[in-house]
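Descriptive structure summary
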Amino acid sequence: MTEMTSLERTALYKSLGNPLRRRILEYLGRHGEANSTVLARELGESSGTTSYHLRKLAEQQLIEEIPEKSGGRERWWRALPFSHTTPDPATMSPEEYAAAEHLARLKIEVDTELYRRAHREYRGPEGWAQVQRHGSWMTREEMLAFMRDYHELVSRYGHTREEAPEGARPVSFRFYAVPEGVGEWNGEPTGP
C-alpha cells in the first residue's frame, strides 16, 4: 500500500471501526473467501448489506474480487495482505485522531479477550497458547531495533493462508513496548 493521506487514513480507521466490516474481514481471514450471500447467512445480515460493505472494503484495497469464481451478479471476495502503522498522533487532524482513537478502543477490547483466552488455554511452554511478560532496560534506539527484529521474526516464521504448511493454525500476536513513567531510577529522571 502506498503512503496514505490523512483523509485516506481517517476513512481506513472508520472502516476498520465499523463492526460489520471487521466481522467480514475476520470471516475472510478465517475462511479465505466468501460472497455476499455466504456472509449474509454466516453474519446474520442481508446480502444487500454485506454486498455494500464488501464494495467499500474493496475500495480501500482491503479485499479483492476473485475473478475466476465470480460471474454475473455473484461476486466472490478474498482478503488482501495488509499492514499499517499509525502515525504520530501529533501529526493527525482532529477527525483522523478521533477515528484512530475509536479504532484503538475497539482493538483494546479484542486484545483483552485474546489475553484472557491465552491464559485459559495455556498448557505449558510447549502448548499452542503462550503468555510471556518481560521487562528490560533499553535505549530508545535499542527498543526500535527490537521492534524491527520482532517484525522480521513474524515475517520469517509466518505464512499466508495459501502458503501455510499442513498443521498451521492462525495465531494472533500482540506486542507492546512501554517505557516506565516519569520518576526516579537510581537518582536519574526517567520518562519522555
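Predicted model, so just to flag it, every value in this text is computed and none were measured.

1. Considering the pattern of salt bridges
- Within this structure, the stated rule accounts for 13 salt bridges.
- Residues Glu101 and Arg105 are paired through a salt bridge, measuring 3.3 Å at the closest nitrogen-oxygen approach. Here Glu101 and its partner Arg105 are both found in helix α5 (residues 94-121), four residues apart, which amounts to about one turn of the helix.
- Note on Glu101: relative accessible area 32%, which makes it partly exposed.
- Looking at Arg105, the relative accessible area reads 53%, which means it is exposed.
- Close ionic contact of Arg156 with Glu152 constitutes a salt bridge, the shortest N to O distance being 2.8 Å. Separated by four residues within a single helix, Arg156 and Glu152 lie in helix α6 (residues 140-157), roughly one turn from each other.
- On the accessibility criterion, Arg156 (48% relative accessible area) is partly exposed.
- By relative accessible area, which is 39% here, Glu152 ends up partly exposed.
- Each of Glu64, Glu68 and Arg78 takes part in a single network of salt bridges with overlapping partners.

2. Notes on helix α4 (residues 47-59)
- The terminal C-alpha atoms of α4, which comprises 13 residues, lie 18 Å apart, in line with the 18 Å expected from a rise of 1.5 Å per residue.
- Turning to α4, its buried residues are Thr50, His53, Leu54 and Leu57. All buried residues of α4 lie within an arc of 110° about the axis, which places them on one face of the element.
- Looking at the packing, one finds that the buried side of α4 touches α1 (6-16), α2 (19-31), β1 (34-35), α3 (36-43), β2 (63-65) and β3 (76-79).
- Gln61 sits one or two positions beyond α4 and adopts a positive phi of about 60°.

Scoring rules and cut-offs
Residues numbered from 1 in each chain as written. Predicted model: local features only at pLDDT ≥ 70, side-chain atom pairs only at ≥ 80, totals over all residues. Heavy atoms only, no water. Salt bridge = Lys/Arg side-chain N within 4 Å of Asp/Glu carboxyl O. Helix = DSSP H or I, 4+ residues; strand = E, 2+ residues; numbered from the N terminus. Buried < 20%, exposed > 50% of the residue type's maximum accessible area, 1.4 Å probe, protein only. Expected span 1.5 Å × (residues − 1). Arc of directions from axis to C-beta. Contact = heavy atoms within 4.5 Å.

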